[in-house]
Amino acid sequence: MRRWLTLVLFGTFFAAPALAQGVPRTDVSWVAEHLPESVQDARLLTLPWPGRPLQAGHRQTTFDLGWDSASADLGEVRGAMAAAGTTWARSERFGVGGFAFYDRSTISGDGARDLLRPVFAEEVPLALPAFADFGSPRGDVSHWGAGGYAVWERQRSGGTWRRTILAGAYLERLDVEGFRFDYRLVSGPDAGARGELDWSASYDFVTPFAGIAWTRALGSAWTISPRLVAGQPLPRRRLAGGITGPGFSVQGASRGAAVGDAYLGGGLAFTHVRTGLAFDVGSSLWYAGTQPVTHEGLDQALLVHLSWTF
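Keep in mind the model is a prediction, meaning the values are calculated, not measured. Per-chain numbering applies: the sequence of each chain, read as written, is numbered from 1 onward. In view of the model being predicted, local features appear only for residues whose pLDDT reaches at least 70, and side-chain atom pairs are presented and counted only at 80 or more, with totals across whole chains, interfaces and linings using the full set of residues. The side-chain numbers reported here are obtained from all heavy atoms of the structure, hydrogens and water having been left aside.

Student: Let's hear about the overall build of the protein: which residues, and what values?
Tutor: Think of it this way: any DSSP run of H or I at least four residues long counts as a helix, any run of E at least two long counts as a strand, and we number them from the N terminus. Of the regular secondary structure elements, the protein holds three helices and 14 strands. The C-alpha radius of gyration of the protein comes to 22 Å, within 12% of the 19 Å expected for a compact globule of 310 residues. Along the three orthogonal principal directions, the C-alpha set of the protein runs to about 75 × 35 × 25 Å. When a residue's accessible area, from a 1.4 Å probe over protein chains only, is under 20% of the maximum for its type it is buried; when over 50% it is exposed; and in between it is partly exposed. For the protein, with 310 residues in total, the buried portion stands at 50%. Computed with the Shrake-Rupley method and a 1.4 Å probe, the accessible areas treat only the protein chains shown as cover for residues. When the accessible surface of the protein is totalled, it reaches about 14,000 Å², and 59% of it is carbon and sulfur. Charge assignment: positive for Lys and Arg, negative for Asp and Glu; neither His nor the chain ends contribute. One atom stands in for each charge, and that atom is NZ of Lys, CZ of Arg, CG of Asp or CD of Glu. Distance from the positive charge centre (28 side chains) to the negative charge centre (29 side chains) of the protein: 13 Å. C-alpha atoms define the radius of gyration in this analysis, and the globule rule sets the expected value at 2.2 Å times the number of residues to the power 0.38.

So, in structure tokens, the structure goes:
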């Protein structure tokens, strides 16, 4: 099992650049979808886990803090993350828990040149597709929710690894507020036409998830814990927005892009036994390596994740 986990981790890191080169970018709507979606992936990687072994009748609480950033040529989303969760152990093998989270990010950047297709409706009175200069990306993303889980734990007699399995679901809301940028067509019969794209919308999901972690001691002061977690926001939602231009304003839902992608995440946490502080180095590497692959158009991603269990 440990060999399998190591292969998955290293395979993701090394495969990411090759996969990214083989998948071409599409148009600006995909980038507009993937910027706020990256916040959902960062949250799945930083869900509160029980940081200490289960003890019958005992409760443990975990606080998580994080910071994430994902960027494309068009712009960047970055912000802070906070979560708290409590696990009640019914025995040394089984427990239940609940958690809540709130993430707040800002969209900014310098803009870029990209392809604009008839995103929402054919009746947009512009000769599309055409290339355009997009500028002044701006907006805010609020992401919050709550959920519950069951946890199973086992350590073989005399074994060095403790296995923890987590399964549950959470309700989440993704509020994309004031996400707008300007455009100016630079090709086609309508070159020179100007307007604004607005991707402001709210999306609600139920997200089932499952994860597995293996923990062992590193001397007397630290433990190491590699983990995998997967989730799928349901149902997937069509990207909503609007476009304005010379004498027109059109609102609608994208015919191609959809919000709410499945994601497989990985982490590798080092926990200080006495204080309960954990530094999740693995999630930072995983997030940086997979976002340019899973979210087309993103070129850089950064995640910092710390937790404290008492």
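Student: I'd like to hear about the pattern of salt bridges, residue by residue, with values.
Tutor: Salt bridges are defined by distance alone: a side-chain nitrogen of Lys or Arg within 4 Å of a carboxyl oxygen of Asp or Glu. Applying the stated criterion across every chain yields a total of 14 salt bridges. Ionic contacts of the salt-bridge type, sharing partners, join the residues Arg138, Arg180, Asp182, Glu196 and Asp198 into one network.

Student: So what's going on with a positive patch on the surface? Which residues, and what values?
Tutor: A cluster of basic side chains, namely Arg93, Arg154, Arg156 and Arg163, defines a positive patch on the protein surface. Following the sequence through the fold, Arg93 ends up in the loop between strand 2 (76–89) and strand 3 (94–108). For patches, a residue must show more than 30% relative accessible area and have no salt bridge; joins then use 9 Å for like charges and 5 Å for nonpolar side chains, namely Val, Leu, Ile, Met, Phe, Trp and Tyr.

Student: Give me the lowdown on the pairing of strand 2, citing residues and values where you can.
Tutor: Relative to strand 2, strand 1 (residues 59–72) runs antiparallel, the two sharing 13 bridges. When the bridges of strand 2 are listed, Thr62 appears paired with Gly85. Paired strands are those between which DSSP finds at least two bridges. Turn length for the strand 1-strand 2 hairpin, with the two strands adjacent in sequence and antiparallel, is three residues. Where strand 2 meets strand 3, 14 bridges bridge the pair, whose relative direction is antiparallel. Across the sheet, residue Thr87 finds its bridge partner in strand 3, namely Gly97.

Student: Explain the environment of Gly276 to me, and be specific about the residues and the numbers.
Tutor: In this fold, Gly276 is placed in the loop between strand 12 (263–272) and strand 13 (277–280). C-alpha separation for the pair Gly276 and Arg52, spaced 224 residues apart in sequence, amounts to 7.9 Å. Excluding residues that lie within four positions of it along the chain, Gly276 makes contacts with Arg52, Thr271, Ser307, Trp308 and Thr309. By the convention used here, residues are in contact when the closest approach between their heavy atoms is within 4.5 Å.

Student: Now, about the pairing of strand 14 (residues 298–309): what can you tell me, with residues and values included?
Tutor: Examined bridge by bridge, strand 1 and strand 14 share 11 bridges and lie antiparallel to one another. The residue of strand 14 that forms the bridge with Ser69 is Leu302. Note: strand 13 against strand 14, three bridges, orientation antiparallel. Note that in strand 14 the partner of Phe279 across the bridge is Leu306.

Student: Explain the packing of aromatic side chains residue by residue, including any values.
Tutor: When the centres of two rings from Phe, Tyr and Trp lie within 6.5 Å, Trp using its six-membered ring, the rings pair. Their planes under 30 degrees apart give stacked, over 60 give edge-to-face, and anything left gives tilted. A full pass over the atoms with the stated rule returns 13 aromatic pairs. Ring plane angle 50 degrees and centroid distance 5.8 Å describe the contact between Phe94 and Trp152, whose orientation is recorded as tilted. With Phe94 in strand 3 and Trp152 in strand 5 (residues 130–154), this pair connects stretches of sequence that are 58 residues apart. Judged by its relative accessible area of 28%, Phe94 is partly exposed. Seen in terms of ring centroids, Phe101 and Tyr170 are 5.6 Å apart; in terms of plane orientation they differ by 90 degrees. Their pairing is edge-to-face. Taken together, the positions of Phe101 in strand 3 and Tyr170 in strand 6 (residues 162–185) put the pair 69 residues apart, joining distant regions of the chain.

This is a description of form; function is not addressed.
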